[in-house]
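Listed here are the chains, written in short residue letters.
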Amino acid sequence: YLRIQAVLFSFSGLIGRSWAMVFLSGGYKVKLYDSQPGQASKAITEIRTQVLELQEAQMLRGKLSASEQLALLSSHDDLSQALEGAFFVQECVYEDLETKQAVFQAVERHVGEGVVLSSSTSCLMPSSVFSLVQNRTRCLVAHPVNPPYYVRLVELVPHPETLHVVMDTARDLMTEVGQAPVRLRKEIDGFALNRVQYAIIAECWRLVKDDIISVKDIDLVMSEGLGMRYAFIGPIETMHLNAPEGKSLFLSTLRCLEDYLTRYRFGMSRVLSSFGPVPEFDGEAAARISK
């Protein structure tokens, strides 16, 4: 059994419920709060159903049984009661900046200085989300891939004032409960995952829009090609292994990458320079692709 401590999830939608299940699987006490009375208790009913179904299918995460995990879960309609004893607060409201700012203003009035404040935002910058918080040194974004229980990547993005120890705490916590945290050194619009994802979407869109390839075939490029590769290794590791030198276990990573770049950098630069501007995702092209 892990040491039990309190974790709060502000609001109880899909992301919040999935986050709750992640922390329960790690043996942590989870308190659900929602500003609408009754929503948190409703979320518990839905979580109970999912946890029991996962146990029946032998897919339940963690070392605790379903009943042991559910015993750690509680719902609260009073914010101060929900926050009592919390050491980590994970906000999961919808993507509205003013709403998130208001949540953290309210939370900060009820917690001590050592409590970590974390947002699940997927597209808002930490400097904006936490702009109204007085102590921003303990604030960060923990952006999950939806749903967190099944897709384990979590992007940890600091506010410009976030302390290193806070990032360390969040990374250790996410690792302990079975997630796969990646740590950004500073905030950037779109974080890492969406910047990579949008780059892929943009070029796929251009290729279809310019009648180079069909929608079905561009999807096959990913599902039967790049996706098969990237399910196991990332793009930098692919560069390392794609060069002939990379197939030797006795050569350094530096030499392998140098070999890859020597062979392919001019081709990469040539192709990248032909990409053109960011496409418009509307108008005639959007109608044709959707059809």
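Residues numbered from 1 in each chain as written. Predicted model: local features only at pLDDT ≥ 70, side-chain atom pairs only at ≥ 80, totals over all residues. Heavy atoms only, no water.

Help me understand the overall build of the protein in this model?
For the protein, the count of helices and strands is twelve helices and eight strands. For the protein, the proportion of its 291 residues judged to be buried stands at 41%. Intrachain contacts of the protein at a sequence separation of at least 6 include 63% that bridge at least 24 residues. Counting every atom, the protein has about 16,200 Å² of accessible surface; 57% of that belongs to carbon and sulfur. Taken together, the 29 basic and 34 acidic charged side chains of the protein have centroids lying 5 Å from each other. (Helix = DSSP H or I, 4+ residues; strand = E, 2+ residues; numbered from the N terminus. Buried < 20%, exposed > 50% of the residue type's maximum accessible area, 1.4 Å probe, protein only. Contact = heavy atoms within 4.5 Å. Areas by Shrake-Rupley, 256 points an atom, 1.4 Å probe, with all protein chains shown as cover. Lys, Arg positive; Asp, Glu negative; His and termini not counted. Charge placed at Lys NZ, Arg CZ, Asp CG, Glu CD.)

Even after reading the chapter, I still don't get the pairing of strand 6 (residues 139-144), so can you show me in this structure?
As a general feature of sheets, a regular strand has side chains that alternate between the two faces. Burial within strand 6 is extensive, with six of its six residues counted as buried. A two-sided burial pattern is seen for strand 6, the buried positions comprising Cys139, Val141 and His143 on one face and Leu140, Ala142 and Pro144 on the other. Across three bridges, the pairing between strand 5 (residues 116-119) and strand 6 is parallel. Bridge assignment links serine 119 to a residue of strand 6, and that residue is valine 141. (Pairing = 2+ DSSP bridges.)

For this particular structure, what's the right way to read helix 7 (residues 164-176)?
The α-helix winds at 3.6 residues per turn, so residues separated by three or four positions along the chain end up facing the same way. The first and last C-alpha atoms of helix 7 sit 18 Å apart over 13 residues, in line with the 18 Å expected at 1.5 Å per residue. Looking only at helix 7, the buried set comprises Val166, Met167, Ala170, Leu173 and Met174. Axial view of helix 7: buried residues confined to an arc of 130 degrees, hence all on one face. Looking at helix 7, the residues exposed on the side facing more than 90 degrees away from the buried face are His164 and Val165. Residues of helix 7 that are buried sit in contact with helix 1 (14-25), strand 4 (86-91), strand 5, strand 6, strand 7 (153-158) and strand 8 (180-183). (Expected span 1.5 Å × (residues − 1). Arc of directions from axis to C-beta.)

Would you mind showing me how to read a nonpolar patch on the surface here?
Nonpolar side chains collect at one region of the surface, where Tyr198, Ile201, Val278 and Phe281 lie side by side and expose about 430 Å² of accessible area between them. Position of phenylalanine 281 among the secondary structure elements: in the loop between helix 11 (253-272) and helix 12 (283-290). Exposure remark for phenylalanine 281: the relative accessible area of 42% places this residue in the partly exposed category. (Patch = residues over 30% accessible without salt bridge, like charges linked within 9 Å, V, L, I, M, F, W, Y side chains within 5 Å. Salt bridge = Lys/Arg side-chain N within 4 Å of Asp/Glu carboxyl O.)

What should I look at first to understand unusual backbone geometry in this one?
In terms of backbone geometry, most residues other than glycine have negative phi values and most peptide bonds are trans. Each neighbour pair has its own omega, and for asparagine 146 with proline 147 the value is -5 degrees, a cis peptide bond. Here proline 147 shows up in the loop between strand 6 and strand 7. Notably, glutamine 58 is not glycine yet its phi reads approximately 60 degrees, a positive angle. Assignment of secondary structure puts glutamine 58 in the loop between helix 2 (39-56) and helix 3 (66-70). Accessibility expressed as a relative area gives 76% for glutamine 58, which makes it exposed. Despite not being glycine, phenylalanine 191 has its phi angle at roughly 55 degrees, a positive value. With respect to the element layout, phenylalanine 191 can be found in the loop between strand 8 and helix 8 (193-209). A relative accessible area of 1% places phenylalanine 191 in the buried class.

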